[in-house]
Amino acid sequence: MTSYLTERRALLTLVVIGLLLSGLNPKHHGVWLLEVFPVLIGIPILIRTHERFPLTPLAYRLMAGHAIILMIGAYYTYAEVPLGRWVQDAFGLARNHYDRLGHLAQGFVPAIVMRELLLRTSPLQRGGWLFFLLCSTCLGFSALYELLEGATAFVFNQSATTFLATQGDEWDTQWDMFMALIGAITAQLTLAPLHDRQLHTQFGSHIGSSALPRSQTTKIACLLIMATLLFGQGPAIATPEPASTTPAAQEQIGQSPLQQEQLGLFDGAAFAVTTGRCTDCLTTPPQALWYFADETIAIPAAQESQHSTARPPFLVWLGSPELIQQATLSTDHAYLDIPGGGHFPLRLTSKLPTNQSYYNEATARFFGSHPLRLRGRTVSTAEGPLFEARTIWPADFLLRPDQAHTVEAHEHTISHLIGNPDRLATDTITIHQLWGKAEVSWAGKPVLAAILNGAQGDDDEAHGGHFGIVTGRVGPHGEWADWMVNNFYDPDVISEKGILPAMVPMDNYLMDLNSGQSYYRPSGLLVLVLKQDRIPAAYQANIQGVFRRLYRHELDYHHSLLNCAGLSIDQLRMLGWQIPLQGPSNRLKATAGYVYMAASDRSLASGLNAYRYFSEELTRLLPRITFEAIGNDLLHLLQQSDPQRPLTPFEQWLREDVEAVLYVHIPQTPSSRAMGTYAVASLDEYQQRVPSDRSQWKTVAVPPRPFPSELRVAPAPVEAATIPNPVLALVVGFLASLAWAARVLLQRRSRRPMTSS
């Protein structure tokens, strides 16, 4: 017995030392306290009962081991435990599975401790009923703690994600309970003989009897059961996942967003619909899934060759799980009439609190005059199903040759079309054919396009517009809602409109009720109608690598160095399209801007930001310049205006494949937002539009979106407040001039004759 007491003291010392070490500098102190709370409560209970109701050495050893598992997870947080990370990397797993070890112990340890308590304090004997009750009890404890985790997450709200949550695993709760059940079964099958021998050695053959009064024995047993319950704490405090409002048994109003649909160049059948919490998205980086945890996305249904130009995008942001291809609004704008499908109430998706523009009566009148295509979901109510719309697209926005206006194009045509104020407030698209034969059908033809979104009417940080490259095919009647927009955006901020960087269908990109670009500004679309799909397929295949690097933070979005324009046009140039460079805005202004901003804001970083804007190459900086440079160079190639220009293979493809070049004006959708206009063509024009006093600018503050350190594959960038070489040269020259002037003055003063008094 003395040896048993010595062992218990050694185990207690080990656990206490481990507890102290884990609390010295944990990753998150709040998480540490919540995770080790069972140990903090369990230790006093076990100390108080170890003399009157000592347990077997096996039980104490198991509880000490479980305490160590909890403390390690509390110190690192479960997603970052090095052992789990090593296993994840070694076996190519999608998540850190250290928390699974904790849940296995959650069943393994309580099974033995509860077995001992029941054999010593109840009439139960060894056998099937004991085995069954122990499994049920452990499973019940596990389920109880899943409920407690959900309650804790509800109380802590967003901070609950810091406590690990589910690591993107939508089946995490079920896995946790399953692992506890496996632990309970395994413990009984493997350790029961050893446990019985220790019970016999320590307490004799009559396990069911006790010398203690029954009332006192019951109290001690209750304390030990409480300790067992606390030591069974599940290691993850999980954020409750939103339940679908569409019951599986209920018939959906809309169809699958992939049924008889295209996603850019690809058939929808090549994809599967899921969310960012999927656990089997093997071809999609976990960093990308993190951004879309609660968003509807499409991923490839089968793994494709990583080097194939025909491989589907690894993630497409759909936004909604259902699609209605054809519908109209009722006269009161409250119902959807679906041809052959019925009459259903219409509800709009919730407006983001920070979003300044939203659907209003003017929007309803606009859509009431068009046939519609909608994305959303079916919602079950007491009155019956309704359709909650997230994206509404005018189905009569069609690209057809008979609706195109032929334009004699020259180097200023695209600029004039962009800045034409007469077309800003139209209620339908306007098509201009800049090159090609008007009578040629475009149906089924692949396209490569560039989209330029204009300036927002009440946001002084958005006069530069937005830019993206588009791929897809013209539909049989001229449809283009399913084209793929490669939308680059800053992933490190929480957009007030809910915008995420993604490959996204055109209808979602332009007409999402929160993030749709058409609710903020008019847009222009430059379309290359092609004979075959090798050009858009090459671009779409290569741009996926850029998205992977952006999601993994190997590339960092920067409004002056690497924005939507630069990321897009860089890839065209890498493929071989030698779009001419236009140089920086003004290096002299860049230097002067650095000095002015650094002095006025008392910040070298502010000065550096101003310098970068004026010194960056214009086709990589301003979306409108990028858009015009692509269009004008394409027209030069097709018109062979420079026969001496040596063509790359990609440029030869352009000459061989392009059948028509279109400019499409897309009007702004009426809403509660002020009407926008065209994007600026220079930084000087930008400065003319905004108030000279920056404090008078209309802006929308956006909070940062911290990227989880456990998902980062590259070190977090450290912005250095450096002094550019031209500025340094100016400062050195200025100081040298001062020194020279001072020297001259001193020399003159020394030569002045001394006058006697």
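Up top you'll find the structure we're talking about.
Residue indices follow the written sequence of each chain, beginning from 1 at its first position. Local features in a predicted model are, by the rule used here, given only for residues with pLDDT of at least 70; side-chain atom pairs are given and counted only at 80 or more, and totals for whole chains, interfaces and linings are based on all residues. Heavy atoms throughout the structure, all of them, feed into the side-chain values; hydrogens and water do not.

### Notes on the overall build of the protein
This is how it is decided: Comment: elements are numbered from the N terminus, with helices defined as DSSP H or I runs of at least four residues and strands as E runs of at least two. Burial classes: relative accessible area under 20% of the type maximum marks a residue as buried, over 50% as exposed, and values in between as partly exposed (1.4 Å probe, protein chains only). In these tables, accessible area is a Shrake-Rupley quantity obtained with a 1.4 Å probe, and a residue counts as shielded only by the protein chains included in the view.
Each helix and strand in the protein was counted, giving 20 helices and 18 strands. Here the protein holds 757 residues, and the buried ones make up 52% of them. For the protein, the computed accessible surface area is about 34400 Å², with 59% contributed by carbon and sulfur atoms.

### So, the environment of Val702
Mapped onto the elements of the fold, Val702 is located in the loop between α19 (683-689) and α20 (725-751). What makes Val702 partly exposed here is its relative accessible area of 34%. When the C-alpha positions of Val702 and Thr354 are compared, they lie 8.9 Å apart, and in sequence the two are 348 residues distant.

### Structural notes on the nonpolar core
For clarity, the cut-off: Residues belong to one nonpolar core when they are buried, are Ala, Val, Leu, Ile, Met, Phe, Trp, Tyr or Cys, and are joined through side-chain atoms within 4.5 Å.
Judged by nonpolar contacts, the single largest core of 118 residues is most densely connected at Leu374, Trp480, Trp483, Met506 and Leu525. Per-element accounting of this core gives the leading share, eight residues, to helix α13 (residues 534-551). Val39, Leu58, Leu117 and Ala187 belong to the second largest nonpolar core, which has 41 residues in total.

### Digging into the packing of α13 against helix α18 (residues 649-657)
Under the convention used in this document: Axis geometry follows a simple rule: fit a line to the C-alpha atoms, using only the stretch in contact for helices, then measure angles between N-to-C directions, giving values from 0 to 180 degrees. Angles below 35 degrees are treated as roughly parallel, those above 145 as roughly antiparallel, those between 65 and 115 as roughly perpendicular, and all remaining angles as oblique. The contact rule is simple, with two residues in contact once any of their heavy atoms fall within 4.5 Å. Throughout this entry, Asp, Glu, Lys and Arg are counted as charged residues, while Ala, Val, Leu, Ile, Met, Phe, Trp, Tyr, Cys and Pro are counted as nonpolar. The remaining residues, Gly among them, count as polar.
The contact between α13 and α18 brings their axes to 10 Å, and the two run at 140°. One finds that α13 runs oblique with respect to α18. For the pair α13 and α18, contact is made by Arg534, Ile535 and Ala538 and by Phe650, Trp653, Leu654, Glu656 and Asp657, respectively. Taken together, the residues of the contact of α13 with α18 break down into five nonpolar, no polar and three charged.

### Some words on the pairing of strand β6 (residues 322-329)
In plain terms, the rule: Paired strands are those between which DSSP finds at least two bridges.
Two strands pair when backbone bridges link them, and β6 and strand β9 (residues 372-381) are joined in this way by four bridges, in the antiparallel orientation. Across the sheet, Ile324 pairs through a bridge with Leu374, a residue of β9. With two bridges joining them, β6 and strand β7 (residues 335-338) adopt antiparallel strand pairing. Considered in β7, the bridge of Leu329 is made with Leu336. In this antiparallel pair of consecutive strands, β6 and β7, the connection spans five residues, and His333 shows a positive phi of 65°.

### Structural notes on a nonpolar patch on the surface
To be explicit about the condition: Like-charged residues within 9 Å of one another, or nonpolar side chains (Val, Leu, Ile, Met, Phe, Trp, Tyr) within 5 Å, are grouped into patches, provided each residue has over 30% relative accessible area and no salt bridge. By salt bridge we mean one thing: a side-chain nitrogen of Lys or Arg within 4 Å of a carboxyl oxygen of Asp or Glu.
Side chains of Leu12, Val16, Leu20 and Ile47 sit close together on the surface and give an oily, nonpolar patch of about 320 Å² of accessible area. Among the elements that take part in the nonpolar patch, helix α1 (residues 2-24) stands out by supplying three residues, more than any other.

### Section: the side chain of Ser518
Mapped onto the secondary structure, Ser518 falls in the loop between α12 (506-511) and β17 (523-530). Beyond its immediate chain neighbours, meaning those up to four positions away, Ser518 contacts Leu510, Met511, Ile666, Pro667, Gln668 and Thr669.

### Re the side chain of Ser22
What counts here: Residues adjacent in sequence count toward polar contacts only when both atoms are side-chain atoms; beyond that, a polar contact is any pair of N or O atoms within 3.5 Å, and within protein one must be able to donate a hydrogen and the other to accept it.
Structurally, Ser22 is set in helix α1. There is a polar contact of 2.9 Å between the side chain of Ser22 and the backbone oxygen of Leu19. Discounting chain neighbours no more than four positions away, the residues touching Ser22 are Trp32, Met71 and Tyr75.

### A word on helix α17 (residues 623-639)
The test is simple: Here the expected length of a helix is defined as 1.5 Å per residue gap, with one fewer gap than residues.
Taking 1.5 Å per residue, 17 residues should reach 24 Å; α17 reaches 24 Å between its end C-alpha atoms and fits that length. A large share of α17 lies buried, amounting to 15 of its 17 residues. Looking one or two places after α17, you find Gln640, whose phi comes out positive at around 50°.

### Looking at unusual backbone geometry
One non-glycine residue, Gln260, adopts positive backbone phi at about 50°. Along the polypeptide, Gln260 turns up in the loop between α8 (214-231) and β1 (262-263). For Gln260, a relative accessible area of 68% translates into the label exposed. Positive phi is not limited to glycine here, since His553 has a value of about 65°. You can see His553 is positioned in the loop between α13 and α14 (564-575). With a relative accessible area of 3%, His553 lands in the buried category.

### Here we look at the state of the cysteines
Rule in force here: Throughout, disulfides are identified as pairs of cysteine sulfur atoms within 2.5 Å of each other.
Counted according to the given criterion, the structure contains one disulfide. Each disulfide pairs two cysteine sulfurs, and for Cys278 the partner residue is Cys281, the sulfurs being separated by 1.6 Å. On the S-S bond that ties Cys278 to Cys281, the torsion sits near -135°, and the link is left-handed. Using a relative accessible area of 7% as the deciding quantity, one classes Cys281 as buried.

### Regarding the packing of aromatic side chains
Quick reminder of the rule: Two aromatic rings from Phe, Tyr or Trp, using only the six-membered ring of Trp, form a pair when their centres are within 6.5 Å; if the ring planes differ by under 30 degrees the pair is stacked, by over 60 it is edge-to-face, and anything between is tilted. Charge-over-ring placement is defined geometrically: NZ (Lys) or CZ (Arg) within 6 Å of the ring centre, and within 35 degrees of the ring normal.
Within this structure, the stated rule accounts for 21 aromatic pairs. Between Phe627 and Tyr663 the ring centres are 6.2 Å apart and the planes differ by 80°, which places this aromatic pair in the edge-to-face class. Placement of the pair is Phe627 in helix α17 and Tyr663 in strand β18 (residues 658-666), with a sequence separation of 36 residues. A relative accessible area of 0% places Phe627 in the buried class. The buried category is assigned to Tyr663, whose relative accessible area is 3%. Taken together, the ring pairs in this structure connect Trp290, Tyr291, Phe292, Phe314, Trp317, Phe488, Phe547, Tyr551 and Phe707 into an aromatic cluster. The ring of Phe53 carries the charged tip of Arg120 above its face, separated from the ring centre by 4.0 Å. Above the face of the Tyr520 ring, Lys497 is positioned so that its terminal group lies 4.2 Å from the ring centre.

### What to know about the sheet that holds β7
What the five strands build is a closed barrel, ordered β6-β7-β8-β10-β9; its pairing is mixed. The mean inter-strand angle of the sheet, taken between neighbouring strand axes irrespective of direction, is 55°.

### Points about the pattern of salt bridges
All chains considered together, the criterion is met by 26 salt bridges. Between Glu7 and Arg61 there is a salt bridge, and its shortest N-O distance comes to 2.4 Å. Of the two residues, Glu7 is situated in helix α1 and Arg61 in helix α3 (residues 57-76); the sequence distance between them amounts to 54 residues. A relative accessible area of 22% places Glu7 in the partly exposed class. We note a salt bridge from Arg689 to Glu685, for which the minimum N-O separation is 3.3 Å. One end of the pair is Arg689 and the other is Glu685, both in helix α19 and four residues apart, which spans about a single turn. Since its relative accessible area comes to 25%, Arg689 is described here as partly exposed. Each of Glu261, Arg373, Arg375 and Asp507 takes part in one network of salt bridges that share partners.

### Points about the packing of α14 against α17
This is how the line gets drawn: Left-handed describes a crossing whose near helix is turned anticlockwise from the far helix by less than a right angle; the clockwise case is right-handed.
Orientation of α14 relative to α17, taken along the N-to-C sense of each, is 25°, at an axis distance of 9 Å. By the criterion of interaxial angle, the relationship of α14 to α17 is roughly parallel. α14 and α17 meet at a crossing whose hand is left-handed. Mapping the contact onto sequence places Cys564, Ala565, Ile569 and Leu572 in α14 and Pro623, Thr626 and Ile630 in α17.

### Let's talk about the environment of Thr121
Following the sequence through the fold, Thr121 ends up in helix α5 (residues 98-121). What makes Thr121 partly exposed here is its relative accessible area of 22%.

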